[in-house]
Amino acid sequence: MTGDEDDLTFPAPAQARRPNRTQWAAVTAVALALLFAGGAVTVASAEREEAPGTPSTASADAGFARDMSVHHQQAVEMSFIVRDRTQDEEVRRLAYDIANTQANQRGMMLGWLDLWELPKVQSGVEPMAWMGMGGSGDTGPLDGALMPGMATNAQLDELRKASGREAEILYLKLMTEHHRGGVHMAQGCVQKCSVDIERNLAQGMVDAQESEILLMANMLKKRGAA
């Protein structure tokens, strides 16, 4: 061994000493603090478990998620149709934005229904019942138009057959009405829904779709349509 290694020594074990009264008080204080903290965690956990339950199947939250998912699906469908019926970049860009946004929002709403363990379709209940409405009018749904603003089957067929400027104008008109109906539904959720994140999403729909209604009005004007 070298001289340096010979100099390496470990301290001898300290002699055992009985803790004095001050040390006992400190140890006791720490133990009580830990015990209190553990109790607080237990109480907090119990409070989370006792939080209000998920929305019921008849709630505005569930009704909006179901109905707006159907409403959004048609907007996505119309946007895909017009994408193949025109080469106008402005209209195709708008259609892409609407399809992408509403498909994502639809996925969120269907995900909430799964999270709440509620059915995505409620048999025996008309659309808009959660808003105190039924169908798209007093006579009920007309030719596939289940809710306000939705295009009829005949209108969708007309869009599929149109092309160029005709398809652009028809799409913009149909989507304008679709957005107006969607805004009406979203405003209903803002007033009636109890889940904060869903109510915030609904308000975002109102803001975005009202802005797009103004945009589409200008696009229609550029194309010489009323």
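Going along each chain's sequence as written, the residues are numbered from 1 onward. Side-chain atom pairs in this predicted model are given and counted only at pLDDT of 80 or more, local residue features only at pLDDT of at least 70, and totals for whole chains, interfaces and linings cover all residues. Side-chain metrics in this entry use all non-hydrogen atoms of the structure; hydrogen atoms and water are not considered.

(A) Structural detail: the pattern of salt bridges. When a carboxyl oxygen of Asp or Glu lies within 4 Å of a side-chain nitrogen of Lys or Arg, that pair is called a salt bridge. Counted under the stated rule, the structure contains ten salt bridges. We note a salt bridge from glutamate 90 to lysine 222, for which the minimum N-O separation is 3.2 Å. Pair noted here: glutamate 90 is in helix 4 (residues 89-115) and lysine 222 is in helix 7 (residues 196-222), with a separation of 132 residues, a long-range link. Ionic pairing is found between arginine 223 and glutamate 90, a salt bridge with its closest N-O pair at 3.2 Å. In this pair, arginine 223 sits in the segment after helix 7 while glutamate 90 sits in helix 4, placing the two residues 133 residues apart along the sequence. Assessed through its relative accessible area of 23%, glutamate 90 is described here as partly exposed. Helix numbering and strand numbering both begin at the N terminus, where a helix is a DSSP run of H or I of at least 4 residues and a strand a DSSP run of E of at least 2. Remark: exposure states derive from per-residue accessible area (1.4 Å probe, protein chains only) relative to the maximum for the residue type, with buried under 20%, exposed over 50%, and partly exposed in between.

(B) Broad picture of the state of the cysteines. Here, two cysteine sulfur atoms that lie within 2.5 Å of each other are counted as a disulfide. Taken as a whole and judged by the stated rule, the model has one disulfide. The partner cysteine of cysteine 189 in its disulfide is cysteine 193, sulfur to sulfur 2.2 Å. Because the sign of the S-S torsion sets the handedness, a value of about -120° for the bond joining cysteine 189 and cysteine 193 places this disulfide among the left-handed ones. Here cysteine 189 and cysteine 193 have matching classes, each one buried.

(C) Region of the structure containing helix 4. Helix span, as expected, comes to 1.5 Å for every residue beyond the first. Given a rise of 1.5 Å per residue, 27 residues ought to cover 39 Å, and the 39 Å separating the end C-alpha atoms of helix 4 matches this to within 8%. Inspection of helix 4 places Val91, Leu94, Ala95, Ile98, Ala99, Gln102, Gln105, Met109, Leu110, Trp112 and Leu113 among the buried residues, and these make up the whole buried set. In this description, contact between two residues means that some pair of their heavy atoms is separated by no more than 4.5 Å. The inward-facing, buried residues of helix 4 contact helix 3 (60-83), helix 6 (164-192) and helix 7. By the criterion applied in these results, polar contacts are pairs of N or O atoms within 3.5 Å in which, for protein atoms, one can donate a hydrogen and the other can accept it, and in which residues neighboring in sequence qualify only through two side-chain atoms. A distance of 3.1 Å separates the backbone nitrogen of glutamate 90 from a side-chain oxygen at the start of helix 4, and that oxygen is part of aspartate 88.

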